[in-house]
Amino acid sequence: MTAPILRLSDVSRTFGTGDGAVHAVRSVSFDVAAGECLAIVGESGSGKSTLANMILGIYPPTTGEIALEGTVLPARRALAHRQAIQLVQQNPLSSLNPKRSIGATLRLALDVHGIGAPADRAAIVGALLEEVGLAAEYARRAPAALSGGQRQRVAIARALACQSRVVVLDEPTSALDVLVQARVLRLLDALRAERGLTYIFITHDLSVVRNIADRIAVFEKGRMIEIGDTETIFSAPSQTYTRRLISAVPVITGDELALRDKLAAHTKEDAP
Amino acid sequence: MSAPMLDIRDLHLSFKGHTGLTEVLHGISLHIQPGERVALVGESGSGKSVTARIVLGLLQDLPSARITGQVLFDGRDLELMSSRARHALRGTAMSMIFQDPTSSLNPVFRIADQFHDVLRRADPSVAKAAAHDRAAAILAEVSIRDAQRVLNAYPFQLSGGMNQRVMIAMALANEPALLIADEPGTALDVTVQAQTLQLMRRLVEDHHTAVLFISHNLGVVREFADRLYVIYKGRMVEQGPTDAVFADPRHPYTRALMAAVPHLTGGGIPEIAEASPDFAAPLVDHEAEAPS
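Residues numbered from 1 in each chain as written. Chains lettered and ligands numbered in written order. Predicted model: local features only at pLDDT ≥ 70, side-chain atom pairs only at ≥ 80, totals over all residues. Heavy atoms only, no water.

K.L.:
Mind showing me how you'd approach the interface of chain B and chain A here?
P.N.:
Accessible area lost on assembly of the parts is the figure often given for the size of an interface. Counting residues at the interface gives 36 residues for chain B, matched by 31 residues for chain A. Of the roughly 3,000 Å² buried between chain B and chain A, counting both surfaces, carbon and sulfur atoms make up 61%. When the buried surface of chain B facing chain A is broken down by residue, B:V190, B:L264 and B:I269 rank first, second and third, together holding 27% of it. Where chain B meets chain A, there are two salt bridges. Among the salt bridges present, the one from A:R186 reaches B:E271, with a minimum N-O distance of 3.5 Å. Taken together, chain B and chain A are joined by 13 residue pairs in polar contact (both at pLDDT 80 or more). (Contact = heavy atoms within 4.5 Å. Buried area = accessible area lost by both parts, 1.4 Å probe. Salt bridge = Lys/Arg side-chain N within 4 Å of Asp/Glu carboxyl O. Polar contact = N/O pair within 3.5 Å; in protein donor to acceptor, adjacent residues only side chain to side chain.)

K.L.:
Just checking my understanding: could you explain the packing of helix α4 (residues 102–113) of chain A against helix α6 (residues 148–161) of chain A for this structure?
P.N.:
The description of two packed helices rests on the angle between their axes and on the distance between the axes. Residues and elements named next belong to chain A. Closest axis-to-axis distance for the α4/α6 pair is 8 Å, and the angle between their directions is 20 degrees. When the axis of α4 is compared with that of α6, the two are roughly parallel. Considering only the axes of α4 and α6, their crossing is right-handed. Across from I102, T105, L106, A109 and L110 in α4, the residues of α6 making contact are V154, A157, R158 and A161. Its residues assigned to classes, the contact of α4 with α6 shows seven nonpolar, one polar and one charged. (Axes fitted to C-alpha atoms, helices over the stretch in contact; angles between N-to-C directions. Helix = DSSP H or I, 4+ residues; strand = E, 2+ residues; numbered from the N terminus. Parallel < 35°, antiparallel > 145°, perpendicular 65-115°, else oblique. Left-handed = near helix turned anticlockwise from the far one by under 90°. Nonpolar A, V, L, I, M, F, W, Y, C, P; charged D, E, K, R; others polar.)

K.L.:
I tried to follow the sheet that holds strand β2 (residues 22–32) of chain A on my own but got confused; where do I start?
P.N.:
Strand pairing in a sheet takes place through backbone hydrogen bonds and is either antiparallel or parallel in direction. All names here are of chain A. In spatial order, the strands read β2-β1-β4-β5; together these four strands make up an open sheet with antiparallel pairing. The open sheet has two edge strands, β2 and β5 (71–72), and neither has a second partner. In terms of strand pairing, strand β4 (residues 63–68) meets β5 through two bridges, oriented antiparallel. Along β5, the bridge assignment pairs L68 with T71. Each of β1 (6–15), β2 and β4 touches helix α1 (residues 48–56); the most contacted strand, β1, lies at about 120 degrees to it. (Pairing = 2+ DSSP bridges.)

K.L.:
Got a minute to help me understand the pattern of salt bridges in this structure?
P.N.:
Here the idea is simple: oppositely charged side chains can pair when their charged atoms come close. Residues and elements named next belong to chain A. Counted by the stated rule, this structure contains 22 salt bridges over all chains. Taking the shortest distance from any N to any O, the salt bridge between R7 and D31 comes out at 2.8 Å. Note that R7 is positioned in strand β1 and D31 in strand β2, a separation of 24 residues in sequence. D31 gets classed as partly exposed once you look at its relative accessible area, which sits at 27%. With its nearest N and O atoms 2.7 Å apart, the salt bridge here joins R195 to E131. Of this pair, R195 sits in helix α7 (residues 178–195) while E131 sits in helix α5 (residues 121–131), and the two are 64 residues apart along the sequence. Take R195: its relative accessible area is 34%, and that puts it in the partly exposed class. (Buried < 20%, exposed > 50% of the residue type's maximum accessible area, 1.4 Å probe, protein only.)

K.L.:
Is there a simple way to explain the sheet that holds strand β10 (residues 235–241) of chain B in this structure?
P.N.:
Residues and elements named next belong to chain B. Overall, mixed pairing links the seven strands, which are arranged β6-β7-β8-β3-β9-β10-β11 in an open sheet. If you trace the sheet from one side to the other, it starts and ends with β6 (94–97) and β11 (284–285), each paired once. As judged from the five bridges shared by strand β3 (residues 37–41) and strand β8 (residues 210–215), these two strands associate in the parallel manner. By the bridge assignment for β8, V41 is matched with S215. Along the sheet, helix α7 (residues 160–172) makes contact with β6 and β7 (178–182), crossing β6 at roughly 170 degrees.

K.L.:
What should I look at first to understand the pairing of β2(A) in this one?
P.N.:
Taken residue by residue, a regular strand's side chains alternate between the two faces of the sheet. Residue and element names in this part refer to chain A. Note that β1 and β2 share seven bridges and pair antiparallel. Looking at β2, one finds that R7 is bridged to D31. Following β1, the chain reverses through six residues before pairing antiparallel with β2; G16 in that reversal takes a positive phi of roughly 80 degrees.

K.L.:
Help me understand α7(B), please; the structure alone is not making it clear to me.
P.N.:
Since there are 3.6 residues in each turn of an α-helix, residues three or four apart along the chain are aligned in direction. Residue and element names in this part refer to chain B. The first and last C-alpha atoms of α7 sit 18 Å apart over 13 residues, in line with the 18 Å expected at 1.5 Å per residue. Counting buried residues in α7 gives 11 out of 13 residues, a clear majority hidden from the surface. Listing the buried residues of α7 in full gives G161, M162, N163, Q164, V166, M167, I168, A169, M170, A171 and L172. (Expected span 1.5 Å × (residues − 1).)

K.L.:
Teacher, can you tell me more about the packing of aromatic side chains here?
P.N.:
The geometry of an aromatic ring pair comes down to the distance between the two centres and the angle between the two planes. Using the criterion set out here, one finds six aromatic pairs over all chains in the structure. Pairing B:Y154 with B:F156 gives two aromatic rings, centres 5.8 Å apart and planes at 10 degrees, and the pair type is stacked. Each residue in the set B:Y232, B:Y253 and B:F279 is aromatic and connected to the rest through ring pairs, giving one cluster. In this arrangement the basic side chain of A:R141 is found over the ring face of A:Y138, its NZ or CZ atom lying 4.2 Å from the centre. Note that A:R210 overlies the ring of A:F234, its terminal NZ or CZ placed 5.4 Å from the centroid. (Phe/Tyr/Trp six-rings, centres within 6.5 Å; stacked < 30°, edge-to-face > 60°. Lys NZ or Arg CZ within 6 Å of the ring centre and 35° of its normal.)

K.L.:
Can you walk me through the state of the cysteines in this structure?
P.N.:
With the rule as written, the count across this model stands at zero disulfides over all chains. The thiol sulfur of A:C37 is not disulfide-bonded, and the nearest other cysteine sulfur, from A:C162, lies at 19 Å. (Disulfide = S-S within 2.5 Å.)

K.L.:
Any chance you could explain unusual backbone geometry here in plain terms?
P.N.:
Most peptide bonds adopt trans geometry, and most residues besides glycine take a negative phi value. Residue and element names in this part refer to chain B. Of note, the phi angle at E175 is positive, near 50 degrees, even though the residue is not glycine. Structurally, the position occupied by E175 is in the loop between α7 and β7. Positioned with a positive phi, E183 is a non-glycine residue whose angle comes to about 50 degrees. Note on placement: E183 falls in the loop between β7 and α8 (190–207).

Encoded structure:
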């Protein structure tokens, strides 16, 4: 097996001190292989966003280490490290600068990271837009002139512009309609294969996770309580909490109902 | 069959703008019997939320809105009523639950005061102490055990799930005949959402409340509604009992919606074609075809 692209070793994060201290993430360790899609699932307050922020270097872990391709990342990261790990947020309307055209937003990423010769950058912007399924002329438009799905495509293009290898996707499709969600998920899947990207997919939507992730890490109250292959987590989750999460998902087919009922029955057996 | 609690007939809505009239509802019809749970399913921009606002009587007062057709609430035509009479219905005979409970409660008043305001809509003379007792009783109904703590709290001191229960309790406090729920629980965690839906279902059954349930989440609709309507770009495209529509979706748009939902059992991300001209196909009505 190749070396992991990302390795978290005993990572913790505490906010505040003394009695008021909040242990948002507690001793989390896992490896992510290059090209893998690892889903981080859990409810609000489970620590999944704190974990994402540490992976992105927005703040460092209180204790523990995060390594990218074998190099431990310092608290203040060099530009190259920031370039390698990029973020796609849930709400593209608030993550894209409303005053800046789509083209200028993408261009800024290229300028900051010095990607391509300055004369070529306009062409690179066009190519990026086409890669995410938008016509090159969208570069002239403002975010407000785009639909939710189109804006999320721009946010994805911005992450790609940096030639990132790891993309942290924080609920990338939860704000989208179901038809648009399916198209964006397919795009993400295709880009991962074409560019060999690694995804950290943060979500509470287990139906999406089931269809896009290779592995799933389940978080509860700052702890990673379970990690495993998607198949295994869904067919034989080891933790009651995981079973509860899966059996609360609203579903539409008989097969899904059967799966949920099976897990719910197990959960009852576990109860004292 | 009893008279419907809500009966919408051939409702059209257009907005007047700089470039002329834009029609957003192209003649929709919908009815809800007393005590029935009916879902209106559609994507953003389909017209589901404006429909709710017309039923609440909120759009009628907007100068740029042109409304034609009939909206009968308990046999009375809302379009013929004065704006004052429509106002009197809100919060008493009909009420609404919004998507995000925390932002729909007033952050600067305690829950008890907000309850008092709600109860005063039906009975302007209700005293503070009496309102407090009544609120505590209603909170107990939504499985809030420490009602006193909740009543003394501000919304930001409560969890999202707790605020959602408070919203449900407030919406049902005046025993409305019709409850409009716009994507309730979508802002909540999935386990809390499931509990909220169960709770809402039990309460509306106990109180025999008719519900117009607005949602884009097919799974939630399947679990909550007796009947459903699918709306696409201001037109109803399919309607029928929930089980019948899910067992046999026949309109191309309904089929596309259902095909786009990722399944817990896997199967990959479905390939979704761009909007098809088939989506404009006429209404599929499961009930009109079934012998009654």
